[in-house]
Amino acid sequence: MTHWHLGIIGGSGLYALDALENPRWVTVETPWGAPSDAVLTGSIAGIPLAFLPRHGRGHRVPPHLVNARANIDTLKRLGCTDVLAVSAVGSLSEVFAPGEFVAVDQIIDRTRARPSTFFESGLVAHVPMADPVCPRLTGLALAAARAAGATVHSPATYLTMEGPQFSTRAESRLYRSWGAGVIGMTAMPEAKLAREAELPYALLAMVTDYDCWHDGGDVDVSEILRVMAGNADTARAAIVNLVRNLPAERPASPIDTILDTAIITAPDARDPAAIARLDAILARVSRC
Ligand SMILES: CSC[C@H]1O[C@H](OP(=O)(O)O)[C@H](O)[C@@H]1O
Ligand SMILES: Nc1ncnc2[nH]cnc12
């Protein structure tokens, strides 16, 4: 059992959290470069939180240039035990309507030009990703969003495209044929990196549009912003509900120690420079 310390990654439309007590923006530096912005730290109901706007305040960082390694390292470095990500998504299914929420359980990675691991030459690790989200945190997020008044669908597969352009109609149809339910540009490599950092990760998605497979017209940022504006308060209320309803003690998760069975490089073959870059990610392993 440990205490909760929740990291929250706010996506499009969610750039701050008013509900935090003792709010303070803190600047963090990491061996992977700068995170998307400073982090808003504080607490709700005595539980410490760290909120990081994925695109920075004012939405300055495009999805393909989000430094997900620096973002996840930052939350780990600040002591977070779990990460809740909030994202705007397009719907690939008639049943997920704009204005509704989705608790994602699977993710397809179609990104192609982003650093997607902390483990490079000098220290190799292979973490399991069969179930990319934490079922416990996902269940809590789903219940919290429903309590905030949202219609929440689950399960659903999130397809991560490279962007920043939206899909072609043929791609959109292809992703539907694969069984993907929603589409966005940011869940990967974020979820992979959270797993490597031993952080249970959940993804609450706000549906902002039917992607272009639908005959309602092409995807359009102004329409996405309009739907998002109507949803952001519900997303914020869901976060507050989630934190207020966390069990007093945090039960251990298998993800907390996933690196124990993932690192393959022999101890005497490990590169000290690689280990130094991983100071936050490997802090628990180094203590063992
Ligand atoms: C503003 S529409 C496209 C943009 O919105 C989503 O961002 P996030 O996942 O951070 O909410 C999508 O992935 C794109 O980055
Ligand atoms: N249709 C869409 N495609 C990709 N990312 C999105 N974010 C919100 N809507 C989207």
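Note that this is a predicted model, so its numbers are computed, not measured.

Novice: Which parts of the structure should I look at to understand the site of ligand 1?
Specialist: Every residue near ligand 1 is listed here: Gly11, Ser12, Arg54, His55, Pro63, Ser87, Ala88, Gly184, Met185, Thr186 and Ile224. Between ligand 1 and the protein, one listed contact pairs an oxygen atom with a backbone N or O atom of Ala88 at 2.8 Å. One nitrogen or oxygen atom from the main chain of Met185 is found 2.7 Å from an oxygen atom belonging to ligand 1. In this structure, ligand 1 is accommodated by the largest pocket. For the shell around ligand 1, the residue count by class is 4 nonpolar, 6 polar and 1 charged.

Novice: I tried to follow the UniProt feature "binding site: substrate" (unreviewed entry) in the protein on my own but got confused; where do I start?
Specialist: Mapped onto this numbering, the UniProt entry annotates "binding site: substrate" (unreviewed entry) at Met185, Asp209, Tyr210 and Asp211. Lining the largest pocket, from this annotated set, are Met185, Asp209 and Asp211. Considering the arrangement of structural elements, one finds Tyr210 in strand S11 (residues 201-210). Contact partners of Tyr210, with chain neighbours within four places excluded, come to Ser91, Ser93, Glu94, Phe96, Ala97, Pro98 and Val219. Within the structure, the side chain of Tyr210 is placed 3.2 Å from the backbone oxygen of Glu94, a separation counted as a polar contact. Excluding anything up to four places from it in sequence, Asp211 contacts Ser91, Leu92, Ser167, Ser172, Ile183 and Val219. Here Ser172 takes part through its side chain, which lies 2.8 Å from a polar atom of the side chain of Asp211.

Novice: Explain the environment of Ala103 to me, please; I cannot follow it from the model alone.
Specialist: Position of Ala103 relative to the elements: it lies in strand S6 (residues 101-103). Overall, the relative accessible area of 1% leaves Ala103 in the buried class. Taking the C-alpha atoms as reference points, Ala103 and Asn245, 142 residues apart in sequence, are found 17 Å from one another. For Ala103, the residues in contact, after removing those within four places along its chain, are Thr138, Leu142, Val152, His153, Ser154, Pro155, Ala156 and Leu203.

Novice: Looking at this model, I keep getting lost on helix H2 (residues 135-147). Mind explaining?
Specialist: Because the α-helix completes a turn every 3.6 residues, residues three or four places apart line up on one side. Taking 1.5 Å of rise per residue, the 13 residues of H2 would be expected to cover 18 Å, and the 18 Å separating its terminal C-alpha atoms lies within 8% of that figure. Every buried residue of H2 is accounted for by Leu137, Thr138, Ala141, Leu142, Ala144 and Ala145. Angularly, the buried residues of H2 cover 165° about the axis, an arc narrow enough to put them on a single face. Away from the buried face of H2 by more than 90 degrees, exposed residues Pro135 and Ala147 are located. Considering only its buried residues, H2 is in contact with strand S1 (6-10), strand S5 (82-91), S6, strand S8 (152-153), S11 and helix H5 (221-244).

Novice: Even after reading the chapter, I still don't get the UniProt feature "site: Important for substrate specificity" (unreviewed entry) in the protein, so can you show me in this structure?
Specialist: Per the UniProt record, the feature "site: Important for substrate specificity" (unreviewed entry) sits at Ser167 and Val221. Spanning 55 residues, the named residues form one tight spatial group whose C-alpha atoms are at most 13.2 Å apart. Of the annotated positions mentioned, Val221 line the largest pocket. Using a relative accessible area of 9% as the deciding quantity, one classes Ser167 as buried. Setting aside residues no more than four positions away along its own chain, Ser167 makes contact with Met161, Ser172, Tyr175, Ile183, Asp211 and Cys212.

Novice: How should the site of ligand 2 be read in this particular structure?
Specialist: Neighbouring ligand 2 are 13 residues; Ala88, Gly90, Thr208, Asp209 and Asp211 lie closest to it. At 3.2 Å from a nitrogen atom of ligand 2 is found a main-chain nitrogen or oxygen belonging to Gly90. For ligand 2, a nitrogen atom lies 2.8 Å from a polar atom in the side chain of Asp211. In isolation ligand 2 has 260 Å² of accessible area, and contact with the protein removes 94% of it. Placement of ligand 2 is best described as lying within the largest pocket. Those elements giving two or more residues to the shell around ligand 2 turn out to be S5, strand S10 (182-184) and S11. Split by residue class, the shell around ligand 2 holds 8 nonpolar, 3 polar and 2 charged.

About the thresholds
Residues numbered from 1 in each chain as written. Chains lettered and ligands numbered in written order. Predicted model: local features only at pLDDT ≥ 70, side-chain atom pairs only at ≥ 80, totals over all residues. Heavy atoms only, no water. Near = heavy atom within 4 Å. Polar contact = N/O pair within 3.5 Å; in protein donor to acceptor, adjacent residues only side chain to side chain. 1 Å grid on protein atoms, 1.4 Å probe; cavity = no way out; pocket = protein on both sides within 12 Å on 5 of 7 lines; lining within 4 Å. Sits in = over half its atoms within 2 Å of the grid points. Nonpolar A, V, L, I, M, F, W, Y, C, P; charged D, E, K, R; others polar. UniProt positions renumbered as here; feature names shortened; annotations may be inferred. Helix = DSSP H or I, 4+ residues; strand = E, 2+ residues; numbered from the N terminus. Contact = heavy atoms within 4.5 Å. Buried < 20%, exposed > 50% of the residue type's maximum accessible area, 1.4 Å probe, protein only. Expected span 1.5 Å × (residues − 1). Arc of directions from axis to C-beta. Areas by Shrake-Rupley, 256 points an atom, 1.4 Å probe, with all protein chains shown as cover.

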